[in-house]
Structures are given as structure tokens and as C-alpha cells.
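Listed here are the chains, written in short residue letters.
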Amino acid sequence: MTSETGNGKSAVLGLQHLLAMYAGAVAVPLLIGTGLGFNEAQMTYLISIDIFMCGIATLLQLTVNKFFGIGLPVVLGCAIQAVAPLILIGQTHGVGTVYGSIIAAGIFVVLISGIFSKVEKLFPPIVTGTVITTIGLTLIPVAVTKMGGGDAAAKSFGDTTNLLLAFVTIILILAVQVFGRGFIRSIAVLVGLVGGTVLAALLGQVDLAAIGHAPMFHVPQPFYFGTPKFEPFSIILMIIISIVSMVESTGVYFALGDIVGKEVKEDDLKRGYRAEGLAVILGGLFNTFPYTGFSQNVGLVQLSGIKTRRPIYFSAIFLIILGLFPKVGALAQIIPEPVLGGGMLVMFGMVAVQGMKMLSKVDFNDEKNLLIIAISIGFGLGFNALPTLFAKLPETVQMFTGNGIVMSSLSAIVLNLLFHGYKKETK
């Protein structure tokens, strides 16, 4: 897909990106709102403003100037790792403290963006490739769970209808990739999602209730849930989560840079972190949540072959529109879990493959490199699968150890420094 892509095709590609990230984007407000006992009206606001702010946050990253914006085809969504800490803060100190801590964390990210951008040298191909591979492999079980219906404890989990929908979606994506040409091939995931949803509708598996319950129009309101409150422990907690998000975003930036053929430099990272920090501040002001680069869209960029930001601009605009018209936005909620799972399996697999491609630049004859990769991926997958391994450690420590991607990142960085030093290249 070249930079000459027309607006019509770019819009469809943008829609594909929106559908790819929609479920992950609404998952955070659903989980947090439920955890804090929000009523239906509050949940409707929370989901609508979340989608709206995802579009604003994405625009901040796409718009490049000397202050902010990384200029890569990156889609921003709510950071899933913020769910448990925000529920804890809300239950302990109230909703106002939730948004006070988010605003403070966003300011922190903006202030340290210049310092944090210097970690570029800590991310040679052996580190970035390992982290991206771990991200993809870590997310695959999420896709498989959705393929079975979304709830592994449900009696209907893995029934023949769910499996049929999931595998038909995968087969459609594969068929379009194999037999499609040009633009059609680039929207393989969108074709799979639409085709899977049509089949689900024929089987009576599509629920339109979300559209009926949603209001026609919604206006974003600052401080919807009240005045923000600033509590020291809550702020420190959210700053830790923000650092975690910055580490994950760094991996996303490098992966996208590798895909589109752009070298990500220190100044690019600085602008990227600032845009992310500004998005977090706006999230706090409008009572939504912290934002980070969405990994699933990395796989979609790789799969569709786009090299331009134009489709992502359309994604951002669509997100803003959906945030203003909840009934339209609710259309994306009718995609059944198994259909989403089938599409996500392909996309997350592509993320892992992108990481392996980056690792192809590493010298595998060096046993130290083998150890770095083996231990880091082992930490990432193992600790993510069984976070209770560290249940007896302090909660602050568990926030790191319970996140496999962060543990993979930290171990890869530390081991690379230990074996190769700060300045030595491992390309």
C-alpha cells in the first residue's frame, strides 16, 4: 500500500484499524466502570468519551511538530494495565482521586519525555525483537479465549457455533490474503470480521441490544464525575503504570518504524512520549483513562502493508465521530466474541512474526544473545501466565512482575547491558 492511496481506500483501511482496536478500547471502561459500580448512564458516558478520546489521542501522535507527535501509523487506546490500579484507587479514595492521579501521571510523562527518550540506545534489535515477539505471543491466549466465546468458565465456551465463527473468520482472512489482489488483499482482516459477523447474524448470534440502549448524541464534558483529587500514593501508583506504558509504547514505536522503514530516533521518541502524556492529561480532565500505543494495530499495519498515516487519520476521525454518536459506535459492539477472536489471532500472530523478523538481525552464533532472548521470552510468557507466583511480594513490585511484557523488556535490557555494555551494538 503506497502513499498514493485514495481517500476512499484509506477510509476503509481506517475502519479496519478501528474495528481491530475497538474491543480492546472499550474493555478498559467496561472493566473499571463495573469495578467501581457505575450505573448505566455513567457506563454509557464512560464508553463514549473513551472512544472519543482514543481519536484525540491518536491525532496527537499523528500530528508531527517540534513539541509532540511521533508521526508513525500508531493507534492509541486505553492502557489495560491501568485497570486494576485504578479500581483500587477508586474503591479506596473515590472517583475524584482516580482522575487526579491520571492528570498527575500525564504531567509526569510530559516532564520526563526528554530523559526517557534517551533509552533509545537500550533498545537494539535484540531487545526490541524480543519484546515485540513476547507481546505477540502474550496476546495470543487472549485471542484464543475470545474464539471460544470470551468467558472460559461459561458452559457455552468452545461450543461448535463459536468455533465455526472463529475459524470461518480466519479462513476468510487467509483466503483474501492468498487470492486477493491490491487493495482487497490489504483489508483481509476487515473482510474476515464482516463475513464472520454476517454468518453470526444468520445463526442468530448477533445481539443488537447495545444499539437500542445507547443515546443518539453525546457531548464530552470535563470533570463529568466531579473535581479531581490528588492523593500522593495514588499518584505514585499511576506514575509507575505510566512508566510501564511508556516501555510498551517504545516497543510499538520501534516495531512500526521497522515496518514502514523509518528509523526511530531520540527526538521521535521524545515527541511520542509527550503526545502520550498530553493524551493522559486530557483523559484525566474528561474522565477517561491513560493511553498507550495499541499492539494489535502493529500486526494490522504489517498485514495490510500500509506505509502512510492517512488511514490512521481516518481511524482517529471515525473514533471521534463514534464518541459523539454512541448509537453509531455501538454498531462495532455487535461483532461476536468468536469473530473478534479469529481476527485477533491472526493479528497477534503477525506481531510475534514482526518481532522474529527484527531478531533476524541478531548474531545467533553468540551464546550470550541466545541467553538474552531465551530468558527474556521465558520471563515474559511464564510470569504473564502465572502472575500469582509473586503474590507474596509487595503490591508495587507485583505491578511489574505480574506484567509479562514489562518483565521481558526489563530482563532484555538488563541482560543486554550486562553482556554487551551500553554503547556496544548487537545488530
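In the annotation of an unreviewed UniProt entry, the chain is listed under the name Nucleobase:cation symporter-2 family protein and assigned to Enterococcus hulanensis. Under the Sequence similarities (unreviewed entry) heading, UniProt states for the chain: "Belongs to the nucleobase:cation symporter-2 (NCS2) (TC 2.A.40) family." Regarding the chain, the relevant UniProt record gives this comment under Subcellular location (unreviewed entry): "Cell membrane".

Caption draft 1: Summary view of a nonpolar patch on the surface. The grouping of M216, F217, V219, I317, I321, F325 and V328 at the surface amounts to a nonpolar patch, some 640 Å² of accessible area in total. The residue I321 is located in helix α13 (residues 310-324) in this model. By relative accessible area, I321 is classed as partly exposed at 39%.

Caption draft 2: How the structure looks around the side chain of T58. Along the chain, T58 turns up in helix α2 (residues 40-62). Dropping the residues within four chain positions of it, T58 is found in contact with V74, V75, L76, I312 and A316.

Caption draft 3: Geometry of the environment of K9. Note on placement: K9 falls in helix α1 (residues 7-35). The partly exposed category is assigned to K9, whose relative accessible area is 43%. Sequence separation between K9 and I184 is 175 residues; the distance between their C-alpha atoms is 9.5 Å.

Caption draft 4: Representation of the confidence of the model for the chain. When pLDDT is averaged across the chain, the result is 84; 95% of the residues are at 70 or more. When mean pLDDT is taken per element in the chain, helix α6 (residues 160-179) scores highest with 94 and helix α14 (residues 326-329) scores lowest with 72.

Caption draft 5: Representation of the packing of helix α5 (residues 125-147) against helix α18 (residues 404-420) in the model. Relative to each other, α5 and α18 sit at 160°, their axes nearing to 9 Å. Taken together, the axes of α5 and α18 lie roughly antiparallel to each other. Between α5 and α18 lies a crossing of right-handed hand. Where α5 abuts α18, its residues I126, V127, T130, V131, T134, I135 and T138 lie against G404, I405, S408, S409, A412, I413 and N416. Classifying every residue of the contact of α5 with α18 gives seven nonpolar, seven polar and no charged.

Caption draft 6: View of the nonpolar core. Residues I32, L86, I102, M238, F289 and Y291 are the most contacted members of the largest nonpolar core, which totals 118 residues. Ranked by the residues each element gives to this core, the list is headed by helix α10 (residues 232-260), at 14 residues. Not counting residues within four places of it along the chain, the set of residues in contact with I32 comprises V83, L86, I87 and F289.

Caption draft 7: Spotlight on the state of the cysteines. Tallying each qualifying case throughout the model produces zero disulfides. Distance from the sulfur of C54, which forms no disulfide, to the nearest cysteine sulfur (C78) is 4.9 Å. Assessed through its relative accessible area of 0%, C54 is described here as buried.

Conventions adopted
Residues numbered from 1 in each chain as written. Predicted model: local features only at pLDDT ≥ 70, side-chain atom pairs only at ≥ 80, totals over all residues. Heavy atoms only, no water. UniProt positions renumbered as here; feature names shortened; annotations may be inferred. Patch = residues over 30% accessible without salt bridge, like charges linked within 9 Å, V, L, I, M, F, W, Y side chains within 5 Å. Areas by Shrake-Rupley, 256 points an atom, 1.4 Å probe, with all protein chains shown as cover. Salt bridge = Lys/Arg side-chain N within 4 Å of Asp/Glu carboxyl O. Helix = DSSP H or I, 4+ residues; strand = E, 2+ residues; numbered from the N terminus. Buried < 20%, exposed > 50% of the residue type's maximum accessible area, 1.4 Å probe, protein only. Contact = heavy atoms within 4.5 Å. pLDDT = per-residue confidence, 0-100. Axes fitted to C-alpha atoms, helices over the stretch in contact; angles between N-to-C directions. Parallel < 35°, antiparallel > 145°, perpendicular 65-115°, else oblique. Left-handed = near helix turned anticlockwise from the far one by under 90°. Nonpolar A, V, L, I, M, F, W, Y, C, P; charged D, E, K, R; others polar. Core = buried A, V, L, I, M, F, W, Y, C linked by side-chain atoms within 4.5 Å. Disulfide = S-S within 2.5 Å.

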